[in-house]
Amino acid sequence: MTEQELHDWLRLSATPGLGNTAIRRLLARFGLPADVLAQTSAALESCITPAQARALHHPSPELQALQAATWAWLTSAPAPLQRHVLTLGDADYPASLLETADPPVLLYITGHARWFGAQGLAWPHRALALVGSRNPTPQGELNARAFAQTLARQGVTVISGLALGIDAAAHAGALEAATATQPATIAVIGTGIDRVYPRANHPLAAQIAEQGWIISEYHLGTPPLAQNFPKRNRLIAGLACGTLVVEAATASGSLVTARLASEQGREVFAIPGSIHAPQSKGCHALIRQGAKLVESVEDILEELPALGGAAARAPAAEPAPAAAPGATASNDKNDQGLLQALGFDPVDLDSLCSRTGIDIASLQIQLLELELQGQVARLPGGLFQRLAAG
């Protein structure tokens, strides 16, 4: 994209009062933005209102600053990162979003250079949205992390929204299983791509940029406006084959994502929880409405052929360089070591810590993954027991 082309697209997309639907009408009628901008007011008014036509012919004073800032951002990515602005007319624009009711006119993308090859952007073919509460239970957070880690090991890209709670746990779990074959996780954010919200997720966002992608439809400098977050959820749902809700209250943005996924013809999955936990009520409502109840990653893989099959069950690829700091080494070898330490008699966490030397947090994640795989049972009183094979 040339600087002038970027300026034209920004002038079209940043015109106040001109939404995605109106812009798509103009592009369908006249062609590229340069062709749209060359039209008379009378011609434009065949597609949009007179007020919108006047706004398009009289750009705001802020537009020039936005154009300069965006070009500077696009051309100054620090190695090994790359930055891209995709438009509706680009061959690299994700086909799955074109199938949705409201595809964004522009997509801003940041990621490692390995995902931007000579053949264009390597959009992952197997991707699952994993979303949930910003205030999860400890068990919900562990579930999100373990599911994401296992999915990433199976070659599935985990998509979420970089919020606190379940989103952050999902991104972190996927990063722990990052490979050099495809983005481990994609964060779809509700601000300009030059901002991170919430601020506490700055380190996580940096790791995602190294091992996955950060995506936004909002212009640079866009602050965290409440109305933008539900809107961006359509992209989370639209980029994925299906959506898994880990925990959600009855009034939750995660339920918006699930509804959008269903409207787009994507599968919806939900993990059940305690009948006494407010964070489980949204998942239970989804299950009553037809979402598939999920107890393990296999429940998802068997329902979504695009995620399953021999390729998804192949051994994990070689880990990518610069793995996320603090990542746990819960691979097959470590799992076997933990199973051996468990034995077949009930044991508590403190005893396992002494036997293995693994810290409590990492141990809980590994145990949860083994539990999801049906190799370990969680017993009353905080005890765990290895299950006999077969």
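Values in this document were obtained by computation on a predicted structure and should not be read as measured data. Sequence order as written defines the numbering, with residues in each chain counted from 1. In view of the model being predicted, local features appear only for residues whose pLDDT reaches at least 70, and side-chain atom pairs are presented and counted only at 80 or more, with totals across whole chains, interfaces and linings using the full set of residues. Excluding hydrogens and water, the side-chain figures rest on all heavy atoms present in the structure.

Let us now look at the overall build of the protein chain. Here a helix means four or more residues in a row that DSSP labels H or I, a strand means two or more in a row labelled E, and each is numbered from the N terminus. Across its full length, the protein chain carries 18 helices and 14 strands. For 390 residues, the compact-globule formula gives about 21 Å, and the C-alpha radius of gyration of the protein chain, at 23 Å, lands near that figure. Partly exposed describes any residue whose relative accessible area lies between the buried limit of under 20% and the exposed limit of over 50%, with all areas from a 1.4 Å probe on protein chains only and scaled to the type maximum. Residues counted as buried form 53% of the 390 residues belonging to the protein chain. We call two residues in contact whenever any of their non-hydrogen atoms come within 4.5 Å of each other. For the protein chain, restricting intrachain contacts to residue pairs at least 6 apart in sequence, the fraction spanning at least 24 positions comes to 72%. For every accessible area listed, the method is Shrake-Rupley and the probe measures 1.4 Å; residues are considered covered only by the protein chains on display. When the accessible surface of the protein chain is summed, it comes to about 17,000 Å², and 54% of that surface belongs to carbon and sulfur atoms. Charge counting treats Lys and Arg as positive and Asp and Glu as negative, with His and both chain ends excluded. Where a charge lies is defined by one atom per residue type: Lys uses NZ, Arg uses CZ, Asp uses CG and Glu uses CD. Positive and negative side-chain charges in the protein chain, numbering 26 and 33 respectively, have mean positions lying 5 Å apart. Values of the radius of gyration come from C-alpha atoms, whereas the globule rule sets the reference at 2.2 Å times the count of residues to the power 0.38.

What follows is about the pattern of salt bridges. The term salt bridge refers to a pairing of a side-chain nitrogen on Lys or Arg with a carboxyl oxygen on Asp or Glu at a separation within 4 Å. Applying the stated criterion across every chain yields a total of seven salt bridges. A salt bridge links D102 to R24, with the nearest nitrogen and oxygen atoms 3.1 Å apart. Separated by 78 residues along the polypeptide, D102 in the loop between α7 (95-98) and β2 (106-112) and R24 in helix α2 (residues 20-30) bring together distant segments of the chain. Judged by its relative accessible area of 23%, D102 falls in the partly exposed class. We note a salt bridge from R234 to D102, for which the minimum N-O separation is 3.4 Å. In this pair, R234 is assigned in helix α11 (residues 228-238) and D102 in the loop between α7 and β2, connecting sequence segments 132 residues apart. Where salt bridges share partners, they join R24, D102, E217 and R234 into one cluster.

Summarising burial for helix α9 (residues 166-175): ten of the ten residues are buried, a large majority. Every buried residue belonging to α9 is among I166, D167, A168, A169, A170, H171, A172, G173, A174 and L175, and all of these are buried. At its buried positions, α9 is contacted by β5 (127-131), α8 (138-153), β6 (157-160), β7 (185-188) and α10 (202-211).

Turning our eyes to something else, we now look at the sheet that holds strand β14 (residues 383-386). A pair of strands counts as paired when DSSP detects no fewer than two bridges linking them. Reading across from one edge, β12-β14-β13 is the order of the three strands in this open sheet, with antiparallel pairing throughout. This sheet does not close on itself; its edge strands, each paired only once, are β12 (347-348) and β13 (376-379). Relative to β14, β12 runs antiparallel, the two being bridged by two bridges. Counted as the bridge partner of V347 is F384 from β14.

Spatial strand order, β1-β2-β8-β7-β6-β5-β9-β10-β11: nine strands in an open sheet with mixed pairing. One side of each edge strand has no neighbouring strand; the edge strands of this open sheet are β1 (81-87) and β11 (292-293). Orientation is described by axes fitted as lines to C-alpha atoms, over the contacting stretch for helices, and by angles from 0 to 180 degrees between their N-to-C directions. Across the sheet, helix α1 (residues 3-13) touches β1 and β2, and the angle it forms with β2 is around 125°.

On to unusual backbone geometry. Residue P80 is bonded to the preceding A79 through a cis peptide linkage, with omega at 5°. For P80, the location among the structural elements is in the loop between α6 (62-74) and β1. The peptide bond linking Y197 to P198 adopts the cis configuration, its omega dihedral lying at 0°. Residue position: P198 is located in the loop between β7 and α10. The phi dihedral of L162 falls on the positive side, at around 65°, and the residue is not glycine. The exposure class of L162 is buried, given its relative accessible area of 2%.

Across soluble globular proteins, nonpolar side chains show a tendency to be buried alongside one another. Only buried Ala, Val, Leu, Ile, Met, Phe, Trp, Tyr and Cys residues count toward a nonpolar core, and they belong to the same one when joined by side-chain atoms within 4.5 Å. Counting residues in each nonpolar core, the largest one holds 73 residues, and the members touching the most others are L26 and W213. Counting 29 residues, the second largest nonpolar core, distinct from the first, contains A169, L304, L368 and L372.

Right, let's get into the packing of α1 against α6. When two helices pack together, their arrangement is given by the angle between the helix axes and by the axis-to-axis distance. Interaxial distance between α1 and α6 falls to 10 Å at its minimum, and their mutual angle equals 130°. The pairing of α1 with α6 is recorded here as oblique in orientation. Here α1 runs over α6; the crossing is right-handed. In contact with E3, L6, H7, L10 and R11 of α1, α6 contributes L63, L66, Q67, T70, W71 and L74. Gly counts as polar in this scheme, as do all residues outside two lists: the nonpolar Ala, Val, Leu, Ile, Met, Phe, Trp, Tyr, Cys and Pro, and the charged Asp, Glu, Lys and Arg. Taken together, the residues that form the contact of α1 with α6 break down as six nonpolar, three polar and two charged. Between 65 and 115 degrees an angle is taken as roughly perpendicular, under 35 as roughly parallel, over 145 as roughly antiparallel, and anywhere else as oblique. In a left-handed crossing the near helix is turned counterclockwise from the far helix by less than a right angle, and in a right-handed crossing that turn is clockwise.

Along the polypeptide, D8 turns up in helix α1. With no salt bridge to any partner, buried D8 finds its closest opposite charge in R11, at an N-O distance of 6.1 Å.

The next thing to look at is the packing of aromatic side chains. Two measures describe an aromatic ring pair: the distance that separates the ring centres and the angle between the ring planes. Two rings from Phe, Tyr or Trp (for Trp, the six-membered ring) form a pair when their centres are within 6.5 Å of each other. A pair whose planes differ by under 30 degrees is stacked, one over 60 is edge-to-face, and the rest are tilted. In total, this model carries four aromatic pairs according to the counting rule given. Look at W73 and Y108: their rings are 6.0 Å apart centre to centre, the planes differ by 70°, and that puts the pair in the edge-to-face class. Residue W73 is located in helix α6, and its partner Y108 is located in strand β2; the two are separated by 35 residues in the primary sequence. Ring centres of Y197 and F229 lie 5.7 Å apart, and the angle between their planes is 45°; on these two criteria the pair is classed as tilted. Taken as a pair, Y197 in the loop between β7 and α10 and F229 in helix α11 lie far apart in primary sequence, 32 residues in all. A residue is classified by how much of its surface remains accessible, and F229, at 14% relative accessible area, is buried. Taken together, the ring pairs in this structure connect F116, W123 and W213 into an aromatic cluster.

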